[in-house]
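Here is how the chains run, residue by residue.
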Amino acid sequence: MTEQKSNKKTEEQNKNIKIVKDATCTFCGCVCDDMELHVDLDEKRIIKAKNACVLGRAWFAEHTIEDAPAALIDGKEVSVEEAVEEAAQTLVKAKFPITYGLSDTTSEAQKQAVAITDYIKGNIDTTTSVCHGPSGLAFQGVGESTSTLGEVKNRADLVIYWGGNPAESHPRHFGRYAVTPKGMFTPNGKKDRTIVLVDVRKTKSAGVADILIRPKPGKDFEVLWALRALVKGISISTDIEKETGVPLEVLTDLVERMKNCRFGVLFFGMGLTMTRGRHFNSGALLALATDLNEYTHFVAKPVRGHGNVTGADNVVSWQTGYPFGVNFSRGYPRFNPGEFTTVDTLSNGDADAAMIIASDPGSNFPKKAIEHLKNIPVVVLDTKSTDTTKLAHVAFKTATYGINTGGTVYRMDDVSIPLRPAFESPFPDDETILKAIKKRVHELILKKNDSRGASGEAKVAAAVNPL
Amino acid sequence: MSATMRIVNGQVYDPKNNINGEIKEICIQDGKIVDAVDDDATIIDAKGMVIMPGGVDIHCHIAGPKVNLARKLTPEARRHDVHPSTPFTRSGSGGTTPSTFAAGYRYATLGYTTAMEAAVSPIGARHVLEEFEDTPIIDKGFYVLLGNNIFLHNLIREKRFEEFEQAVAWWVNATKAYTVKLVNPGGDEAWKGKKNSNVTDIDEKTGPSSDISPRQIIEAFVKTVNKQGYPHPPHIHCNNLGHSGNYITTLETMKTAGDLRAHIAHIQFHSYGGVVGKNPISKAAEIADYVNKHPNITCDVGQVMFGESTIMTADAPLAYVLKGHTKGKWVNADTECESGCGILPFVYQEHLYMHTLQWAIGLELFLLSEDPWRIILSTDHPNGGSFMAYPKLIKLLMDEKFRHEEMKRVNQKALLKCSLPELKREYTLYEIAIITRAGPAKALGLETKGHLGVGADADITIYDLMDDKEMMFSTARYVFKSGEPMIANHEFTTDSKGKVYHIAPTYDNKIEEVLKPFFEDFYSIEFSNYPVDDHYLHQHEIIKTR
Ligand code: SF4
Ligand SMILES: [Zn+2]
């Protein structure tokens with residue numbers, strides 16, 4: 001063991017190694033920004049990611065530079081410029097172009113993608129529609145009492161995880177933010193907190209829990225509703241155990257803890273949002289946290305997945321007013337999940353062209369949607385080859401955010417974090433490609449207008465009275 | 001587009017240069033107002049029109065984490081207020097929390113060319129700057145929330161004022177802010193750490209160890225900011241917002257500043273008499289009197305306009321109190337170590353005593369003010385109502401008859417508790433140009449804004465002169481931004497980004513050695529990733545501190 005270590009040391013010393021401190025891992029929504037990356041500049045790869053969890057280490061290790069063309073049209077190598085031209089022409093020509101993906105790229109690139117979709121009067125949607133979309137809808141219904149993760153670390157003495165398995169999906173969530181860290185009013189870390197885990201399954205996360213609650217599958221809503229009732233002082237029949245699998249005493253005990261803690265937090269995952277009840281479940285949980293503020297300070301927080309899915313929500317919201325599932329066909333944004341969400345625009349056969357950014361619907365969408373995707377021209381930007389790039393009409397290979405490019409990422413609690421790239425990629429980044437497409441798309445659209453005599457200069461000239 | 005222009009035949013209102021409606025040529029070259037231009041300059045005939053500098057909003061909430069939460073919260077408020085794209089401009093959606101593009105274009109449509117976002121938690125600064133890049137046409141800046149910052153509270157408690165000054169300057173630099181904002185100073189700890197309570201008195205002890213008062217916090221900031229010579233003084237949202245009897249707190253806050261410069265935000269919400277828990281009465285006269293007599297104080301009104309609004313405030317306990325009335329959806333968002341935030345949709349209703357009184361107090365403050373340069377027009381957008389209500393507010397100030405018609409529709413009991421029905425004053429166009437342009441620019445220390453003298457930025461608005469002032473101020477015929485025509489004959493002709501104003505007070509780097517350990521212990525992001533770097537600024541300008 002020791003021998004191996006020292007071997008490694010000499011190995012590092014002989015190489016052209018750069019160290020990047022306070023770099024950011026974008027693999028999951030924790031967006032840990034305390035990475036120390038050791039970069040082999042000759043081989044262009046990260047040989048060590050200090051502080052990263054097992055998922056983060058894999059993320060950094062797998063991003064090496066492959067020898068591949070930067071752009072393809074129908075599988076044939078072309079220049080990036082040719083591909084940009086073809087992408088712009090394809091999108092402008094379409095009657096119902098859709099843009100999808102966005103959760104694994106910078107907010108700078110996301111801004112460009114919304115702009116393009118606005119210009120072409122298309123439809124934009126993000127991976128939120130297939131993960132925490134229901135939480136977004138619940139938020140619109142009841143609001144949310146929430147906080148940044150640092151506040152959880154500093155203050156929370158009761159931490160409840162509902163329908164998630166952070167030990168495996170967000171490995172550092174416990175250590176960095178919510179379970180073990182020592183904070184301002186939690187100087188003894190885990191000793192100052194009670195950890196509750198509510199999940200139908202017994203997962204690897206169970207190990208940290210002081211209290212484990214296992215409702216019957218599909219009964220989350222009933223349990224949440226019973227808790228709300230108890231918080232409000234309404235009595236609940238002991239039948240609740242038959243219905244949900246959770247004894248009344250367990251619920252009563254939890255309610256007492258929730259009402260009497262100093263600062264409580266409810267984290268929830270896709271086990272809650274993507275099972276029976278969907279946005280009713282998230283809504284009930286958010287309402288429970290809100291109700292508890294009558295007694296003490298209580299917050300709730302969805303545990304978001306992909307690196308920058310929160311950025312996608314934010315960018316689409318500030319540019320259009322709505323978080324996902326937005327359609328511009330009338331020249332202004334309209335929001336209608338179920339109609340303008342991508343599974344629907346594809347499955348219904350509405351879309352006649354698609355631009356997919358940093359996402360692989362070609363492998364993880366329902367069959368009907370994938371079939372339609374195969375029948376329309378698709379523009380794809382991705383760092384690697386995927387099922388979606390394989391069916392692309394125009395495919396760009398791009399640099400990886402946080403590894404090859406800078407930019408901004410939003411953590412699951414809406415805190416924005418800058419990226420520190422480790423080494424350069426020969427491939428352009430998403431923002432650069434999207435900016436080029438945007439510029440060309442806008443030119444093509446203005447040209448259409450010019451031919452109708454409606455240019456800006458013409459308007460000013462008409463408004464100026466020569467004396 | 002030619003950047004050389006001559007605007008002729010228009011009535012010019014330029015209070016800073018004492019020009020009161022005279023017919024005067026305005027010449028533009030390279031984005032600035034100049035003395036004269038060549039004969040081949042483009043000529044714009046402004047006959048029958050009124051020329052004013054571009055409007056300056058000193059206090060609004062248009063970008064950043066809390067605004068975006070509000071957008072996500074209220075899709076229904078935007079569905080029927082769409083903002084279509086044009087070949088030159090992007091689309092968006094409106095309501096009381098418009099999307100970034102809609103906000104920029106709508107400000108421009110009203111003739112406003114500068115707006116300051118009034119409350120940004122330091123950790124949210126990067127997000128705000130990202131949104132600013134997408135907020136077109138207008139120039140902007142923001143005020144950074146430091147009044148509930150635990151690190152700074154600790155320094156005040158330990159009387160380490162030297163380090164306090166350095167740390168404040170560090171924070172302003174790290175966030176690229178325009179000045180310091182205090183919101184309900186000292187109230188956050190009670191809210192987050194003491195089961196959702198609040199401070200109720202300026203001398204009440206608060207903080208993690210209950211040993212500093214709001215007054216100590218206010219005093220420390222007023223002294224520091226004045227000493228460091230920021231172009232705009234600390235921007236203060238006093239304690240006890242919205243509560244009956246709060247005018248005492250407001251007076252005490254102003255007295256705490258002594259003769260040092262301070263700006264009191266949305267002062268209407270802080271001018272209530274009466275007893276806590278009971279209906280308030282107007283104390284506008286007392287507040288106006290203090291402001292009239294103290295030239296070191298500037299304020300904006302925070303007028304309430306009937307109809308839809310969005311409460312959006314770093315004063316989280318206040319939002320919770322209001323939630324008790326609306327019983328509807330509500331957002332609370334705590335920011336580690338530095339801020340709180342509350343958001344909820346709200347409707348001001350004519351028939352309610354409280355809402356009518358708030359509306360009346362705002363108008364009283366305008367009408368009782370003796371120095372229009374220091375009482376600035378705002379609705380605390382979107383808290384008192386949208387900035388889109390400014391034209392109607394201008395009509396209320398300029399037209400006594402209209403005011404009386406409006407008074408017929410409101411709660412009559414509330415009118416008995418204020419002096420509004422007796423006030424005869426009507427604002428002139430010259431005074432409107434002060435409270436919407438020259439005054440805010442002066443209070444902000446923006447020397448190239450708010451006037452049309454040689455060397456000023458060529459941010460110019462041209463309105464058709466109309467009897468109905470609401471209609472007149474609703475859509476400018478022309479808007480020039482930095483000398484470029486953005487709107488001509490009511491139509492957008494191009495797009496532009498506008499720039500970011502911020503300040504860069506000097507500080508000793510050694511303060512970072514004090515800050516860093518605190519960050520490592522209590523923040524969730526790395527110290528080195530916290531400050532905002534220059535690439536988020538795009539176009540920007542640093543306004544000098546003294
Ligand atoms: S927890 Fe997530 S962000 Fe942090 S290192 Fe692991 S994968 Fe990366
Ligand atoms: Zn405000």
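Conventions used here
Residues numbered from 1 in each chain as written. Chains lettered and ligands numbered in written order. Predicted model: local features only at pLDDT ≥ 70, side-chain atom pairs only at ≥ 80, totals over all residues. Heavy atoms only, no water. Donors = N, O, S within 2.8 Å, 3.2 Å for Na, K, Ca; no water. Helix = DSSP H or I, 4+ residues; strand = E, 2+ residues; numbered from the N terminus. Buried < 20%, exposed > 50% of the residue type's maximum accessible area, 1.4 Å probe, protein only. Near = heavy atom within 4 Å. Nonpolar A, V, L, I, M, F, W, Y, C, P; charged D, E, K, R; others polar. Lys, Arg positive; Asp, Glu negative; His and termini not counted. Salt bridge = Lys/Arg side-chain N within 4 Å of Asp/Glu carboxyl O. Polar contact = N/O pair within 3.5 Å; in protein donor to acceptor, adjacent residues only side chain to side chain. Contact = heavy atoms within 4.5 Å. Pairing = 2+ DSSP bridges. Core = buried A, V, L, I, M, F, W, Y, C linked by side-chain atoms within 4.5 Å. Axes fitted to C-alpha atoms, helices over the stretch in contact; angles between N-to-C directions.

Novice: Describe in detail the coordination of the zinc ion (ligand 2), supporting the description with residues and values.
Specialist: Working reference: metal with six octahedral donors, ideal angles 90 or 180 degrees; metal with four tetrahedral donors, ideal angle 109.5 degrees. Residues and elements named next belong to chain B. The zinc ion (ligand 2) binds to the protein through His-59 (NE2), His-61 (NE2) and Asp-380 (OD), with metal-donor distances spanning 2.0 to 2.1 Å. Expressed as a motif, the donor residue spacing for the zinc ion (ligand 2) is H-x1-H-x318-D. In this pair, His-59 sits in strand β8 (residues 55-60) while Asp-380 sits in the loop between β22 (375-376) and α13 (390-398), placing the two residues 321 residues apart along the sequence. According to the relative accessible area criterion, His-59 is buried, its value standing at 0%. Of the residues examined, Asp-380 reaches a relative accessible area of 4% and is grouped as buried.

Novice: Any details on the site of ligand 1? Residues and values, ideally.
Specialist: Neighbouring ligand 1 are Cys-25, Phe-27, Cys-28, Cys-30, Val-31, Cys-32, Met-35, Cys-53, Leu-55, Gly-56, Pro-171 and Arg-172 of chain A. Per-class residue counts for the shell around ligand 1 are 10 nonpolar, one polar and one charged.

Novice: Would you mind going over the side chain of Asp-334 of chain B in detail, with residue names and values included?
Specialist: With respect to the secondary-structure elements, Asp-334 of chain B resides in strand β20 (residues 330-334). We note that Asp-334 of chain B is buried and unpaired, the nearest opposite charge coming from Lys-192 of chain B at a distance of 5.4 Å. Among the polar contacts made by the side chain of Asp-334 of chain B, one reaches the side chain of Asn-332 of chain B at a distance of 3.2 Å. Leaving out residues up to four positions away in the same chain, Asp-334 of chain B has contacts with Thr-146, Ser-147, Thr-148, Glu-151, Phe-263, His-297 and Val-299 of chain A together with Trp-191, Lys-192, Ser-339 and Gly-340 of chain B.

Novice: Mind laying out the pairing of strand β11 (residues 112-120) of chain B, listing which residues take part and the relevant values?
Specialist: Residues and elements named next belong to chain B. Burial analysis of β11 places nine of its nine residues in the buried class, which makes it a mostly covered element. As paired elements, β8 and β11 share four bridges and run parallel to each other. Bridge pairing links Val-56 to Thr-114 in β11.

Novice: Could you give me a rundown of the nonpolar core, with the residues and numbers involved?
Specialist: Ranked by internal contacts, the top residues of the largest apolar core, which has 195 residues, are Leu-37 of chain A together with Leu-152, Trp-171 and Leu-397 of chain B. Non-local contacts of Leu-37 of chain A, meaning those with residues more than four positions away in its chain, are made with Lys-18, Ile-19, Val-20, Ala-23, Ile-46, Lys-48, Ala-49, Phe-60 and Ala-422 of chain A. Listed in part, the 39 residues of the second largest apolar core include Ala-113, Val-114, Val-326 and Val-394 of chain A.

Novice: Would you mind going over the sheet that holds strand β19 (residues 307-313) of chain B in detail, with residue names and values included?
Specialist: With mixed pairing, four strands are arranged side by side in an open sheet as β8(A)-β20(B)-β21(B)-β19(B). The open sheet terminates on both sides in strands that have one partner only, identified here as β8 (143-147) of chain A together with β19 of chain B. For this sheet, the mean inter-axis angle between neighbouring strands, taken without regard to orientation, is 20°. As defined by bridge partners, β19 of chain B adjoins strand β21 (residues 342-348) of chain B across seven bridges and the pair is classed as antiparallel. In the sheet register, Gly-307 of chain B faces β21 of chain B, and the bridge partner there is Tyr-348 of chain B. On top of the sheet, helix α11 (residues 316-326) of chain B reaches β19, β20 and β21 of chain B; it is set at about 45° to β21 of chain B, its chief contact.

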